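# A structural walkthrough
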Amino acid sequence: MTDSIWGTKDVTSAKGKADENFPVGSFLIAPRLRPYVHTYYNFARVADDMVDTTELTPAEKIARLKGMAGVIRGEMTAPQRADAQTAVKLREVLLQTGVPLETATDLLEAFCMDAEKTRYDSWDELIHYCQYSANPVGRFLLLLHGEAEETLAPSDALCSALQIVNHLQDAAGDLKVLDRCYVPRPWLEEEGVCVDDLRLVRSKPGVRRVFDRMLDGVDALNRKARILPLLVRDRRMRLEAAVIVELCHILTARLRRQDPLLERVALTKADGAKALFRALRYFPAAG
């Protein structure tokens, strides 16, 4: 039974921190907590690779993802393989730190969605997806640092904003490689365009208007997220949160000016320095 769930092919991550827009276990995180963050990141990366591979069927992907969730909850054992053991290691971290198991199992729910769902028919559907695909990451970091419940709502807004700007960055690639589109179809139809127009080398005016409409939603999320650094008590985590808030604002503004179908719209090292400089205003307060 276990072998039928996990299969025989090992899935490992082909990506690393260099592939991410935003800091992952950066130097701002306290050294004693970085190993926990890296364990969580590796678990998420392996699960992400699993759902994006073309070597497994959707049913096989979901079986493995549910197997990983079972390991996290302590309901089953995992074989001695690198991909399966990421769940074993993360369960140990969650039990040791007291961070809820749902910060891992919710991520797996999102990956199960990705295994089957390739189109989105409303903004609400997209936000629901972000609730599972992005928000658990912020919750893991905050709860790992012992932060209060009042930080979670602005963190959710920030993580959803980050997820959606990533969808906009990768709109063409996701469609080409995975046949997956997170742009709400009815919004495209209202502008007289369609999903296949995202395959073009530059955005049609209607596509651009849909992108801007999505960025309007991101702006609203960013406004809710702006309060997050003021609520975080741990000084290093507060600075980390402030940097990410600033980077999200910078990237959102850049996506307004540049066409993600024409070019890769990305952050630069200068953006990181600018965000850190802006975030330093949150650091002097006692933590």
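Now for a look at the structure at hand. Quick caveat, the model's predicted, so the values are computed rather than measured. (Residues numbered from 1 in each chain as written. Predicted model: local features only at pLDDT ≥ 70, side-chain atom pairs only at ≥ 80, totals over all residues. Heavy atoms only, no water.)

### Section: empty space enclosed by the protein
Counted according to the given criterion, the structure contains one cavity of 30 Å³ or more. Space inside the largest cavity adds up to approximately 40 Å³. Lining the largest cavity we find His167, Asp170, Ala171, Asp174, Arg180, Cys181, Tyr182, Val183 and Met214. In terms of residue class, the lining of the largest cavity is made up of five nonpolar, one polar and three charged. (1 Å grid on protein atoms, 1.4 Å probe; cavity = no way out; pocket = protein on both sides within 12 Å on 5 of 7 lines; lining within 4 Å. Points joined across faces, edges and corners; volume = space filled by probe spheres on them. Nonpolar A, V, L, I, M, F, W, Y, C, P; charged D, E, K, R; others polar.)

### As for the packing of helix α2 (residues 34-52) against helix α5 (residues 102-116)
Running from amino to carboxyl end, α2 crosses α5 at an angle of 15°, the nearest separation of the two axes being 9 Å. The orientation of α2 with respect to α5, classified from their angle, is roughly parallel. Relative to α5, α2 is oriented so that their crossing is right-handed. The segment α2 lies against α5, with Tyr40, Phe43, Ala44, Ala47, Asp48 and Val51 engaging Thr103, Ala104, Leu107, Leu108, Phe111, Asp114 and Ala115. Residue composition of the contact of α2 with α5, grouped by class: 10 nonpolar, one polar and two charged. (Axes fitted to C-alpha atoms, helices over the stretch in contact; angles between N-to-C directions. Helix = DSSP H or I, 4+ residues; strand = E, 2+ residues; numbered from the N terminus. Parallel < 35°, antiparallel > 145°, perpendicular 65-115°, else oblique. Left-handed = near helix turned anticlockwise from the far one by under 90°. Contact = heavy atoms within 4.5 Å.)

### Focus on a nonpolar patch on the surface
Together, Phe277, Leu280 and Phe283 give the surface a local cluster of nonpolar side chains, amounting to about 310 Å² of exposed area. Mapped onto the elements of the fold, phenylalanine 283 is located in the segment after α14 (269-279). Residue phenylalanine 283 is classed as partly exposed on the basis of its relative accessible area of 31%. (Patch = residues over 30% accessible without salt bridge, like charges linked within 9 Å, V, L, I, M, F, W, Y side chains within 5 Å. Areas by Shrake-Rupley, 256 points an atom, 1.4 Å probe, with all protein chains shown as cover. Salt bridge = Lys/Arg side-chain N within 4 Å of Asp/Glu carboxyl O. Buried < 20%, exposed > 50% of the residue type's maximum accessible area, 1.4 Å probe, protein only.)

Any functional reading would require information that these geometric values do not contain.
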